[in-house]
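# Coordinate analysis (summary)
Next come the chains, spelled out residue by residue.
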Amino acid sequence: MKKALFIILSVALFTACNKDDLGIDNPWDKGGIDFADTKLSAIEVLKSAESWNDDYTNRYYYAEPDGKGEYYHSDETPLGGQSWIQFSVMSDKLRFYYQQTMPPFLHYYKDLPIIEVTDDMVVFEGSNGQRYFEILKYDETKFLIETNFIKRGEKFPYCITILEKGKPTDSNWADKYIPYEEYLKALEELENK
């Protein structure tokens, strides 16, 4: 009996110590997010949408790649409103769209060149070196990705999140964004007034 109790306690202790398994299968699978079958390649699906978005509350930040190590998740929306990433896929670049939530409320975009595309990875040039979207699962409306593009400080340099196909309510939404260089000039002009 003592031996059986020892084995049960050992297994329970071992299981409790291995709680760093939140990686790619959790919490999304347990949250009921299903991925339908598709015959399209990941890049075909990425190019099929006007834009892709992620919601801040879907993000899990990790200390190590592959959803390993210490993690951070917040259910709270950041101060100043919802924070998300929005981008479009073009033949040789990713175009990221940014919206200022405080005056002067300028909307701008940055083009980041694509370096490499494989079946499960898009590598692109960010302002601080190479960044990637590793495609963990996808269907024709959403992706589960790991990236080093979205991070939470130096402690959590990796992020696993859900990208969803954008649903613009305005067909001219992209016309509201100016190139990053024009944005910098507009800011400079406002400061000089």
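Higher on the page you've got the structure.
Description of the structure in this document. (Residues numbered from 1 in each chain as written. Predicted model: local features only at pLDDT ≥ 70, side-chain atom pairs only at ≥ 80, totals over all residues. Heavy atoms only, no water.)

## So, the nonpolar core
What counts is decided by this rule: Grouping buried Ala, Val, Leu, Ile, Met, Phe, Trp, Tyr and Cys residues that are joined through side-chain atoms within 4.5 Å yields what is termed a nonpolar core. Accessible area is worked out with a 1.4 Å probe on protein chains only. A residue is then buried under 20% of its type maximum, exposed over 50%, and partly exposed in between. Working definition: helices are DSSP H or I runs of at least four residues, strands are E runs of at least two. Numbering for both runs from the N terminus.
Grouped together as the largest cluster of nonpolar side chains are 24 residues, with contacts concentrated most on W52, F87, L94, F96 and F143. Secondary structure elements with two or more residues in this core: α2 (42–47), β4 (84–89), β5 (93–99), β6 (107–118), β7 (121–126), β8 (129–138), β9 (142–147) and β10 (158–165). Counting six residues, the second-largest nonpolar core is a separate cluster that includes F35, Y60, L144 and I162.

## Considering the pairing of β9
Here is the rule we go by: The pairing criterion is simple: DSSP has to find at least two bridges between the two strands.
By the criterion of burial, β9 is predominantly enclosed, with six of the six residues buried. A two-sided burial pattern is seen for β9, the buried positions comprising K142, L144 and E146 on one face and F143, I145 and T147 on the other. As paired strands, β8 and β9 are joined by five bridges and run antiparallel to one another. In the strand pairing of β9, I135 is matched with I145.

## Notes on the pattern of salt bridges
Put simply, the rule reads: By definition here, a salt bridge exists when the distance from a side-chain nitrogen of Lys or Arg to a carboxyl oxygen of Asp or Glu is within 4 Å.
Summed over all chains, the structure comprises seven salt bridges. Here K155 makes a salt bridge to E70, at a shortest N to O gap of 3.2 Å. In this pair, K155 is assigned in the loop between β9 and β10 and E70 in strand β3 (residues 68–72), connecting sequence segments 85 residues apart. Classification of E70 by relative accessible area gives partly exposed; the value is 46%. Across the salt bridge formed by D139 and K142, the nearest N and O atoms sit 2.6 Å from each other. Assessed through its relative accessible area of 4%, D139 is described here as buried. A network of salt bridges, in which partner residues are shared, links K93, R95 and D111.

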